[in-house]
Structures are given as C-alpha cells and as structure tokens.
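Each chain, written out:
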Amino acid sequence: MVDEEAPVGPPKTTGVAEPELVPAQDSATTVLEQIGMWILGLFIGLGTRFANFGRWISRGFRKLYRFFRNPGQSLFRFVRGLRASAETMRREMDLLSWIQLSGILIIFGVFLIAPLVAVVWGTFVTEDGFSFEILRTIFSNPAYMPQWLPSNFNIIRPSPATGIVEIWGMDLGIILNSVYMAVFVTMISVLLGTSFAFLIARYEFPGKGALRTLLLFPMLSTPFIGAIGIKWFLGGNGFLNNLAAAFFEIFGLTWTRIEFHGIAAIIVVQGLSLFSLVYLNAYSSFMGIDPSLEEQAENLGATGFKLFRSVTLPLAMPGIQAGAILTFILSIEDLGTPIVYSEDPQAQNVLAYQVFDSINAEAGGVNPIGPAIGLILLAFALTGFLAIRKYAALRSYASASKGGQWNPRTRHLSTRGWILMYIVVIPVLFFALIPQISVIYLSFAQYRSSALFPPLTLDHYAILGNLNIQGALVRTVLYAGVATIGTVLLGVSAAYIISRRNIPGKTALDLLVTSPIALPGIVIATGYFTLFYNTPIFPQRFPMTLIIMSFLVRKFPFTVRAAYAGLQQTPVALEEAAQNVGASKNRTFASIVMPLIGVSVLAGALLSFVYSVSEVSTSLLLGGANYDQAPLTWWINDTNLGLPPTLGAHPAAALGVLMMVMQMVVIAVTNAILKTRASAMTGI
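Conventions we followed
- Residues numbered from 1 in each chain as written.
- Predicted model: local features only at pLDDT ≥ 70, side-chain atom pairs only at ≥ 80, totals over all residues.
- Heavy atoms only, no water.
- Helix = DSSP H or I, 4+ residues; strand = E, 2+ residues; numbered from the N terminus.
- Buried < 20%, exposed > 50% of the residue type's maximum accessible area, 1.4 Å probe, protein only.
- Contact = heavy atoms within 4.5 Å.
- Core = buried A, V, L, I, M, F, W, Y, C linked by side-chain atoms within 4.5 Å.
- Patch = residues over 30% accessible without salt bridge, like charges linked within 9 Å, V, L, I, M, F, W, Y side chains within 5 Å.
- Areas by Shrake-Rupley, 256 points an atom, 1.4 Å probe, with all protein chains shown as cover.
- Salt bridge = Lys/Arg side-chain N within 4 Å of Asp/Glu carboxyl O.
- pLDDT = per-residue confidence, 0-100.
- Pairing = 2+ DSSP bridges.
- Axes fitted to C-alpha atoms, helices over the stretch in contact; angles between N-to-C directions.
- Phe/Tyr/Trp six-rings, centres within 6.5 Å; stacked < 30°, edge-to-face > 60°.
- Lys NZ or Arg CZ within 6 Å of the ring centre and 35° of its normal.
- Parallel < 35°, antiparallel > 145°, perpendicular 65-115°, else oblique.
- Left-handed = near helix turned anticlockwise from the far one by under 90°.
- Nonpolar A, V, L, I, M, F, W, Y, C, P; charged D, E, K, R; others polar.

Draft legend 1. Quick peek at the overall build of the chain. Scanning the chain from N- to C-terminus turns up 27 helices and 9 strands. Counting across all 684 residues of the chain, residues that qualify as buried make up 54%. Within the chain, contacts between residues at least 6 apart in sequence are counted, and of these 80% link residues at least 24 apart.

And the structure:
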C-alpha cells in the first residue's frame, strides 16, 4: 500500500551536490546484460533460500535420529525443557491470555490443521491400510508427468479456418505445467513490480500521485474476475486485435490476429493480476533503505547502475523475493483463471483445477485422487511460505522501525526525462491494467463483434436486480462481516501474545496464524469435504458455517499483521505505567492497548473483509454444495457460464465491476489508515 503522505526530497547534506542515482550513459547492451544478470541472481538467491530450507529439514531428521539412538537422554532433556516451559507459561500468562490462546488454537486446530491432516490422511490411508498407491498412480499417469513429445511443444498454432494465430503453452504434464506456469508469472511480476516500485520510490515527476494510485488498481479484482475480461479483450476478435487491424488498415496492411489459449492465457492473466504483490513489497523495501548506506557506497566510487545493482537492489531484495515467492504460491493455487479458460483442455491440466474437478460439491463426493493432488499442491505452497518466513516474518516491523525516520533519496526528472518515461510507462501500465479495463469495457459492451467500438449499453447491469444475485450479495456481506468480527477478536489476541508474551512456542504460533495466506484454499476446502461433510458442522446442503470459517481462517493474516504493526509502534512503557498505578492486565489491554492500536486493527479488518468478499476457491467449492447459500463469487461464475442475454460474460463483468468498486473503497480507506505499512496488505 502506498503512503500518500510519505516525506520526499533529498536527504540533508553539507552542501555537496547529490550524485546521480541512475546514469543515462550506459549502453543498451550493457544495461540488458546487467538486467539479465540481476534476474539470474534473483533466482539463484531463491535457490539458496530453498537450499537453506532443505538443510533445516535435514537438521530435524538428525535430531530425530539422535532421539531414537539414545531415547533416555533425549527424554530427560525433553522433560527438563517441559518443566522450564511450564514455569515460563505460569509467569507470562494470565487468565485473559489463556482464553485468547485457547480460542486461537481451537479455531485453527479444527478449521485449518485438521482439514489439512485429513487431506494427508486421505492420500496415504485407504481401506487396505497405509499405502503409497495413489501417489504411485499419479506419478505413473502420463497426464501428470511430461512425455517430451514434439506436439507438447507446439506453442504457435495458426488456424486456417479462422486465420487467427493461437499461442498455447507447453504441455509438460499437470505437475510441471503448474510449476513452469508459476515461474513465468513470477518473472513477469518481478520485472513489472520492481520496475514500478523503483520508479515511484526514487523519482519525482508530474503525475506521480496519479500513477501511484493506478498501480493499486491491479489489486481490485482476483484473476477469476480479470480472466473474464481479458479473455474477451485479448481474444481473436477482441479490442486489441480490432485496434491493431484498424491501425494496419490505414497503411493498407493486414494484421494477423493473435489469441492466447491454455496455459499461455493463464500466464498472461496471472502476470497482469499479481505483479502488484511484488510492487508493494519492493516499494516498501526501497523506501526503508537507509540513505547513508548508498551515500557511503557513492563515496567509494559506486554510482549509477553499479550503485543500484550492488547496493540498492541487494538491500531491497528481501521484499522483492518475498513478493516473488508469494506470487509463485498464489499463481500455483489459483483456481479462477483455469475455470474461465477450461474450454481449452490444456487449461485444465494444472493442479488446482484437477483438485476442483475431483470434488462433487453437491453430493459431497471426493475422488480419492483429489486429496493426493491437493497434497502435492500443498507441498509447493508450504515450501514457498517457509522460504518467505526466513526473512519476512511478523517481527520485520520491529527492525524497520529502529533507527528513526529518514527521508528517502529521490531525484527530480527533467522535462525530457519524464516525457520519455511516460512514453515507456503508459503502454506498460495499459497492459498491466487490462484486467480492470477489460472488465469495465465488457460490462458496457452491448455484444461482442469485430467492430473496434461496439455499441454500449447499461442493460447488463440489470443483473443487479436479480433476486438470486441480491441474495448472494447480502449473504456475502453477512459471511464476510461475521468472519471479520472473528478475525478481529482472534487477530488482536494473537498479535498481543506474539508481541507482549515471551512464551515457548511463540514462533510456532506466529507461523500458524500467518500461514493461511499461503495455503491453497482449494486444499482447505477439500479437507472440509473429507472431514466434515454430513456432520453437524457441515450437514448436507448446508455449507454456510464452513464458508464463514474458511473466510475467518484464510483472511486472518491481514488483521493479525496490522494489529501487530500497531503493537510494535506502541511503547510497552505505557502499559507498564498503567499497571504501576494499579490497573490489571485485563484493564490495561482494554483501556490502553486497544485504543492505541484501534486504527491499525480497523485497517486490517477492512482488508480481511474485502478479501473475504472476493474469495474464490473455497467459495466455489463450498458454495456448490447449495447455491442458495453460495456467496457472490459462486454466482459470478454461474452467471458467466449461463446463456445470453440474461446471463453470460457481459452480466458477469457487471458483477465484477460491482466487486471492484467495493474493493476500491475499502483499499482506499485502508491505504489512508495504514500509510507506509504496505506489506500488511500482502499478509506475508
């Protein structure tokens, strides 16, 4: 999130002219080589993170080996540590803290850990006992593993019947399709997000405020909504192809129409929708760099691109890598985009869609292969999340706030410079905003045609008068509202315990309450069907309770991070002073802590609410059990699959605009509240 009031201007100096941050003298070839080396270094850094995670796993196995080798000594150490932990808990915890901790553990144990355990159990335990048979079936199935046939690499496919050149992805099997798709999406997101973040953080130019606001727009819709618009906007007879054809016709030339299909289409949609995650994290990192570090490097002779490559970029790399890994996770678990493009068989060959396809939501049936695929998807997501945790945990706020506040280093672009900058940025920004532009345009277009500007109409917004849609909207707000109340109560409790209680297992609690942002919703929903279907928690055709609990658990990190940020900026001395004059811990929490962090909690609650409203995977699966209790996201998908003119892509886009407006209002309010604490939006 961008701080509209962040101080700008050069740091205080002793009269020495400020060196140029970015030179204009580097040759194009040298710059491209350096950019290529930078991207290579980024992925080498990610590889190092995964290697460190592997070593951490190895240490755990060695500890387990030592336990079985000498269980007596290990047991003695365990008991001694347990007694010390019990004494610490007795000293640190009061009645309110115990109630808070118990509530968190119960909710997360029942509605997060237990469903995930059910997925693992369903993978390895069958009627015949423990078995790897399902996994063996998957890895021996040609559909899941690469066949390396020439036809699998047929990316460009001209269509003689339509004259359209179709761009497809490589078909390397369901597992590798998901991986390489997420890698390409991450590369696009890193390139766009880091470039925009550095531009906004380091330069002053006319229109910077407007550009900074526009860069928040990609967060206004999920890939599910954006995919509907992009599919039409970039289609063979879509706006861009029609525009190019009209331009070429002026010069008497013929434009060859291009259309994206399958995995290539998914990469385009996700890349344009998710780059803002990298932008927010990278911007926060660039703004948090101590200017004195760059000044010292300049004194040693590092200037221009060398300064950026050797000092600025490495200092910002934790935020960039955190955004990159989170983008990878969200890409690999995205369900909405493959559903929109599911008419292309290749788009179905990804892990998330296969899990979705394995569940008959209305009947509550789960194909045994579904949990196994979900387990593979979960392994990818957890690996990425644990890599993030190495350098971007909740306690990152504490390190960012130490050492005082400084003015970021900025450079004013000349008139020629900012004109050239806009010549490059405007086309890039236009493509980055295609998901939002296309949804808005599609909602007003009367019909699809080869005309550059089809007739416009408001008729598609008549869908808002549909009683089913109105009921879904009311239910969605109700579900999200109830879930948000729960996230506030539990989120503040979790943040307070992590921030103010020095107890054993605090790191594990931190990991538990922030992990849902990276756990695939489709896997959690699979666990709900496996564990709870036809029980008092999830009676047949009554998914409402679990929809609310899925919203609460999955959007929990937004509130807990915002609350934790507020606590980190609240001096503990204020609480100690209240207790010294006789206030109990409970009264101190209610009368001192809560008023001081109330604004941060409100911002986090608003984010939890807006992302609950736009939740896709659990809404589609759980809502499918009974459409009369389904939230708005389920109805948008159902509307898109219906027949025009009452239903179809145009009315679905109108519903997408409604959701975007709701998101924009909440994000604008949250942006004004949280200001520079941008990483709270991503929940990393």
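So, next bit.
Draft legend 2. Looking closely at the environment of Ala 322. Topologically, Ala 322 is positioned in helix α11 (residues 304-333). With relative accessibility at 1%, the residue Ala 322 sits in the buried group.

Draft legend 3. Spatial organisation of the nonpolar core. Ranked by size, the top nonpolar core spans 128 residues in total, and within it Val 513 and Ile 636 carry the most contacts. The biggest single contributor to this core is helix α18 (residues 467-500), with 12 residues. In contact with Val 513, other than residues within four places in its own chain, are Ile 104, Phe 108, Ala 494, Ile 498, Phe 556, Pro 557 and Val 560. Counting 35 residues, the second-largest nonpolar core is a separate cluster that includes Ala 201, Tyr 279, Ile 289 and Leu 429.

Draft legend 4. Structural context of a nonpolar patch on the surface. The grouping of Phe 247, Ile 250, Phe 251 and Leu 253 at the surface amounts to a nonpolar patch, some 480 Å² of accessible area in total. Summarising the element assignment, Phe 247 is placed in helix α8 (residues 239-250).

Draft legend 5. The arrangement of the confidence of the model for the chain in detail. Per-residue pLDDT for the chain has a mean of 79; in total, 81% of the residues score no lower than 70. No element of the chain has a lower mean pLDDT than helix α15 (residues 396-401), which averages 38, and none a higher one than helix α21 (residues 544-554), which averages 93. Note on residues 393-405: pLDDT under 50 across the span, and 21 contacts to partners over four residues away in sequence or across chains. Between residues 678-684, whose pLDDT stays under 50, and residues either more than four places distant or in other chains, the model counts 37 contacts.

Draft legend 6. Representation of the sheet that holds strand β6 (residues 258-260) in the model. What the 3 strands build is an open sheet, ordered β3-β4-β6; its pairing is mixed. Among the strands making up the open sheet, the edge pair consists of β3 (156-159) and β6. Strand after strand, the sheet turns through a mean of 30° between neighbouring axes, direction not considered. The sheet contact formed by strand β4 (residues 164-167) and β6 spans 3 bridges and is parallel. For Ile 167, the partnering residue across the bridge sits in β6 and is Phe 260.

Draft legend 7. The arrangement of the environment of Ala 324 in detail. Structurally, Ala 324 is set in helix α11. Linking Ala 324 and Asn 281, residues 43 residues apart in sequence, is a C-alpha distance of 9.2 Å.

Draft legend 8. Structural view of the packing of aromatic side chains. Enumeration according to the criterion identifies 31 aromatic pairs in this entry. Both rings, one in Tyr 533 and one in Phe 538, keep their centres 5.1 Å apart while their planes meet at 85°; by these two values the pair is edge-to-face. Each member of the pair Tyr 533 and Phe 538 is classed as buried. An aromatic cluster is defined as three or more aromatic residues linked by ring pairs; in this entry it consists of Trp 232, Phe 233, Phe 239, Phe 430, Phe 431 and Tyr 441. Residue placement shows Arg 157 over the ring face of Trp 168; its charged tip is 4.5 Å from the ring centre. Between Lys 231 and the ring centre of Tyr 341, over which it is positioned, the NZ or CZ distance is 5.6 Å.

Draft legend 9. Geometry of the side chain of Ser 159. Within the secondary structure layout, Ser 159 lies in strand β3. The contact partners of Ser 159, leaving out residues within four places of it in the chain, are Ile 164 and Glu 166.

Draft legend 10. Just the packing of α18 against helix α19 (residues 506-514), in detail. For the pair α18 and α19, interaxial distance at closest approach is 10 Å and the crossing angle is 150°. Of the possible angle classes, the one that applies to α18 and α19 is roughly antiparallel. Both α18 and α19 take part in a crossing whose hand is left-handed. Across the interface between the two elements, Ala 494, Ile 497 and Ile 498 of α18 pack against Lys 506, Leu 509, Asp 510 and Val 513 of α19. In terms of residue class, the contact of α18 with α19 is built from 5 nonpolar, no polar and 2 charged.

Draft legend 11. Local environment of the pattern of salt bridges. By the definition in use, this model includes 6 salt bridges. Each of Glu 333, Arg 554, Lys 555 and Glu 615 takes part in a single network of salt bridges with overlapping partners.

Draft legend 12. Examining the pairing of β4 more closely. Burial along β4 is two-sided: the face carrying Ile 164 and Glu 166 and the face carrying Val 165 and Ile 167 are both buried. The pairing of β3 with β4 spans 4 bridges and is classified as antiparallel. Bridge pairing in β4 places Pro 158 opposite Val 165. Counting the residues between successive antiparallel strands, the hairpin from β3 to β4 contains 4 residues, one of them, Gly 163, with a positive phi of roughly 75°.

Draft legend 13. Fine view of the environment of Val 269. Checked against the element boundaries, Val 269 lands in helix α9 (residues 262-287). For Val 269, a relative accessible area of 0% translates into the label buried.

Draft legend 14. Here's a closer look at unusual backbone geometry. Despite not being glycine, Asn 534 has its phi angle at roughly 65°, a positive value. One can find Asn 534 in the loop between α20 (521-532) and α21.

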